[in-house]
Amino acid sequence: MNIRKLVNAVAHENTYILENDQYLLVIDPGSDWDNIKEQLRDLNKPIAAILLTHTHYDHILSLDLVRENFDQPPVYVAEEEKDWLFTPEYNLSGLARHDDMENLILQPAEETFALYSPYDLGGFRFEVRPTPGHSAGGVSFVFPEEDCVFTGDALFKGSIGRTDLYTGDLKQLKAGIENHLFTLQGHYTVYPGHGQTTTISHEKTFNPWFH
């Protein structure tokens, strides 16, 4: 599996495009539509699905554009946040401090995640684990064959997601990280929603939120 990381202008959010022999998988399509479109056209494979770690606006700004331009791949989202895609107050685009942007009202997702169940979408095999606390439906994607995990805005290199937004909960966030991420093998690569990659062992050892 090849992984392309695209850093978007809005909030420096990370979009990931995963590639195998036949398909692509898109995680959290952010603001830089031109770059996302260019990368998808360059790879020139069908998109098996779009996975959302959560539905804050910076992680979904190009979601409908990807759907419309690349044959309507199915979108997967947590049950707790399925309504957030078309509710600006919940995806945060409708907040007063974001008056500089349009309210984000997107099409509903086709699927909601089944937690802990093995997925095989176009040959991409992974498991979805709950890591709420930054938002109610925050999830992480564990790829055991690739020894990696995509953590959205739960776990960052040297930090964790903020918990002062709607449905944020610090205790819940730390518990989810400890129970569902730190139980992975230490060599697993962590691909976060913002910032640099890291490893599980590095965060268990050095992340100040857990010491």
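Our structure's up above, just so we're on the same page.
Residues numbered from 1 in each chain as written. Predicted model: local features only at pLDDT ≥ 70, side-chain atom pairs only at ≥ 80, totals over all residues. Heavy atoms only, no water.

**Remarks on unusual backbone geometry**
Then step 1. Positive phi values are uncommon outside glycine, yet Asn44 reaches one of about 55°.
Then step 2. Examined against the element boundaries, Asn44 turns out to sit in the loop between helix H1 (33–43) and strand S4 (47–51).
Then step 3. One non-glycine residue, Tyr116, adopts positive backbone phi at about 70°.
Then step 4. Look at Tyr116 and you get partly exposed, because its relative accessible area is 45%. (Helix = DSSP H or I, 4+ residues; strand = E, 2+ residues; numbered from the N terminus. Buried < 20%, exposed > 50% of the residue type's maximum accessible area, 1.4 Å probe, protein only.)

**Considering the layout of surface pockets**
Then step 1. Put simply, the largest pocket is a space of about 180 Å³.
Then step 2. A per-class count over the lining of the largest pocket returns five nonpolar, five polar and four charged. (1 Å grid on protein atoms, 1.4 Å probe; cavity = no way out; pocket = protein on both sides within 12 Å on 5 of 7 lines; lining within 4 Å. Points joined across faces, edges and corners; volume = space filled by probe spheres on them. Nonpolar A, V, L, I, M, F, W, Y, C, P; charged D, E, K, R; others polar.)

**Overview of the environment of Asp100**
Then step 1. Structurally, Asp100 is set in the loop between helix H3 (88–91) and strand S6 (111–112).
Then step 2. Judged by relative accessible area, Asp100 falls into the exposed class, the value being 70%.
Then step 3. Distance from Asp100 to Thr131, taken between C-alpha atoms, is 30 Å for residues 31 residues apart in sequence.

**Overview of the nonpolar core**
Then step 1. In terms of nonpolar packing, the biggest core is built from 23 residues, with Leu40, Ile47, Ile50, Leu52, Ile60, Leu63 and Val66 touching the most fellow members.
Then step 2. Mapped onto this core, the elements with two or more residues apiece are strand S3 (24–27), H1, S4, helix H2 (63–69) and strand S5 (75–77).
Then step 3. Per element, the largest residue contribution to this core is four residues, and it comes from H1.
Then step 4. If we skip the residues at most four places from it in the chain, Leu52 touches Asp28, Pro29, His59, Ile60, Leu63, Val75, Tyr76, Val77, Leu85, Phe113, Val139 and Phe141.
Then step 5. Of all hydrophobic cores here, the second largest spans 21 residues; its members include Leu51, Leu121, Val128 and Val139. (Core = buried A, V, L, I, M, F, W, Y, C linked by side-chain atoms within 4.5 Å. Contact = heavy atoms within 4.5 Å.)

**Overview of the sheet that holds S5**
Then step 1. Spatially, S1-S2-S3-S4-S5-S6 is the arrangement adopted by the six strands of the open sheet, whose pairing is mixed. Edge positions in the sheet fall to strand S1 (2–7) and S6, since each of these pairs with one other strand and no more.
Then step 2. The pairing of strand S2 (residues 14–19) with S3 spans four bridges and is classified as antiparallel. The partner of Ile17 across the bridge, within S3, is Val26.
Then step 3. In the packing of H1 onto the sheet, contacts are made with S1, S2, S3 and S4, and the angle to S1 comes to roughly 160°. (Pairing = 2+ DSSP bridges. Axes fitted to C-alpha atoms, helices over the stretch in contact; angles between N-to-C directions.)

**Some words on the packing of aromatic side chains**
The geometry of an aromatic ring pair comes down to the distance between the two centres and the angle between the two planes.
Then step 1. Scanning all chains against the criterion turns up 16 aromatic pairs.
Then step 2. Ring centres of Phe143 and Phe150 lie 5.5 Å apart, and the angle between their planes is 75°; on these two criteria the pair is classed as edge-to-face. Across this residue pair, the class does not change: Phe143 and Phe150 are buried.
Then step 3. By the ring-pair criterion, three or more aromatic residues cluster together here, those being Tyr16, Tyr76, Phe113, Tyr119, Phe126, Phe141, Phe143, Phe150 and Tyr191.
Then step 4. Note that Lys174 overlies the ring of Phe210, its terminal NZ or CZ placed 5.8 Å from the centroid. (Phe/Tyr/Trp six-rings, centres within 6.5 Å; stacked < 30°, edge-to-face > 60°. Lys NZ or Arg CZ within 6 Å of the ring centre and 35° of its normal.)

In short, geometric facts, not functional conclusions.
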